[in-house]
Amino acid sequence: LDVLSLMKAGLPEPFRGQLALFCPNAPDPTPFGEGLQWFRDNGWTFRDPPGLARAADLVAEYLTRVVEGEHKIARERTILMGFSQGAMVSLYTVPR
């Protein structure tokens, strides 16, 4: 099941009380004002190493403060995923 269908249908028995979803928003508006972005697209090349590093730092801080701190969920029990830039940031953040 995809995440949205999972949430609409209710969690299957093995996951009840065992799954929490956190969906942080990207911090910056897009240049066209059509949403938010984690880093600049630099003319659709997506070459923004400082922006990607900043985004990874923001996600790591969110995990520490919210997921581990407020909700007491250990990092080793956390799955990080995202869509589009969020997926790129996830892949960049996890190995750090």
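Our subject is the structure listed above.
Residues numbered from 1 in each chain as written. Predicted model: local features only at pLDDT ≥ 70, side-chain atom pairs only at ≥ 80, totals over all residues. Heavy atoms only, no water.

1. A word on the packing of helix H2 (residues 49–70) against helix H3 (residues 85–93)
Inclusion rule: Note on definitions: angles span 0 to 180 degrees between N-to-C directions of axes, and those axes are lines fitted to C-alpha atoms, for helices only across the stretch in contact. Every helix listed is a DSSP run of H or I at least four residues long, and every strand listed is a run of E at least two residues long, numbered separately from the N terminus. Should an angle fall under 35 degrees it is called roughly parallel, over 145 degrees roughly antiparallel, and 65 to 115 degrees roughly perpendicular, with every other angle called oblique. Only heavy atoms matter for contacts: two residues are in contact if any of them lie within 4.5 Å across the pair. Put simply, Ala, Val, Leu, Ile, Met, Phe, Trp, Tyr, Cys and Pro go in the nonpolar bin, Asp, Glu, Lys and Arg in the charged bin, and everything else, Gly too, in the polar bin.
Two elements in contact, H2 and H3, have axes whose closest approach is 9 Å; the angle formed by their N-to-C orientations is 75 degrees. Of the possible angle classes, the one that applies to H2 and H3 is roughly perpendicular. Packed against H2, whose contacting residues are Leu52, Ala53, Ala55, Ala56, Val59 and Ala60, the element H3 presents Met88, Val89, Tyr92 and Thr93 at the interface. The class makeup of the residues in the contact of H2 with H3 is nine nonpolar, one polar and no charged.

2. Quick word on the nonpolar core
Rules: Definition used in this section: a nonpolar core is a set of buried Ala, Val, Leu, Ile, Met, Phe, Trp, Tyr and Cys residues joined via side-chain atoms within 4.5 Å. For every residue, the accessible area (1.4 Å probe, protein chains only) is compared with the maximum for its type, and the residue is labelled buried under 20%, exposed over 50%, or partly exposed between those bounds.
In this structure, Ala26, Trp38, Phe39, Leu52, Ala55, Val59, Tyr62, Leu63, Val66, Val67 and Val89 together form the largest nonpolar core, which totals 11 residues. Among the elements that line this core, the one with the most residues is H2, at seven residues. Once residues lying within four places of it in the same chain are set aside, the contact partners of Val89 are Trp38, Phe39, Leu52, Ala55, Ala56 and Val59.

3. Describing the layout of surface pockets
How we decide: Cavities and pockets are found on a 1 Å grid laid over the protein atoms alone: a cavity is a set of points where a 1.4 Å probe fits but cannot escape, a pocket is an open set with protein on both sides within 12 Å along at least five of seven lines, and a lining residue has an atom within 4 Å of such a point. Grid points are joined across faces, edges and corners, and a volume is the space filled by probe spheres set on the points.
Of the volumes computed, that of the second largest pocket is approximately 190 Å³. Looking at the second largest pocket, the residues that line it are Ala56, Ala60, Leu63, Arg75, Thr78, Ile79, Leu80, Thr93, Val94 and Arg96. Examining the composition of the lining of the second largest pocket, we find that three residues originate from one element, H2, more than from any other. Across the lining of the second largest pocket, the residue classes tally to six nonpolar, two polar and two charged.

4. A closer look at the environment of Leu58
By the secondary structure assignment, Leu58 is in helix H2. Residue Leu58 is classed as partly exposed on the basis of its relative accessible area of 33%. Counting along the chain gives 32 residues from Leu58 to Ala26, while the straight-line C-alpha distance between them is 9.2 Å. For Leu58, the residues in contact, after removing those within four places along its chain, are Pro27 and Trp38.

5. Considering the pattern of salt bridges
A side chain of one charge can pair with a side chain of the opposite charge if their charged atoms are brought near each other. Note the cut-off: Take a side-chain nitrogen of Lys or Arg and a carboxyl oxygen of Asp or Glu: if they are within 4 Å of each other, that pair is a salt bridge.
Taken as a whole and assessed by the stated rule, the structure comprises four salt bridges. Taking the shortest distance from any N to any O, the salt bridge between Asp48 and Arg40 comes out at 3.0 Å. You can call Arg40 partly exposed: its relative accessible area is 47%. Between Arg65 and Glu61 there is a salt bridge, with the nearest N and O atoms lying 2.7 Å from each other. Taken as a pair, Arg65 and Glu61 lie in helix H2 at a separation of four residues, close to a single helical turn. Given a relative accessible area of 43%, Arg65 falls into the partly exposed group.

Treat this as a map of the structure, not an account of what it does.
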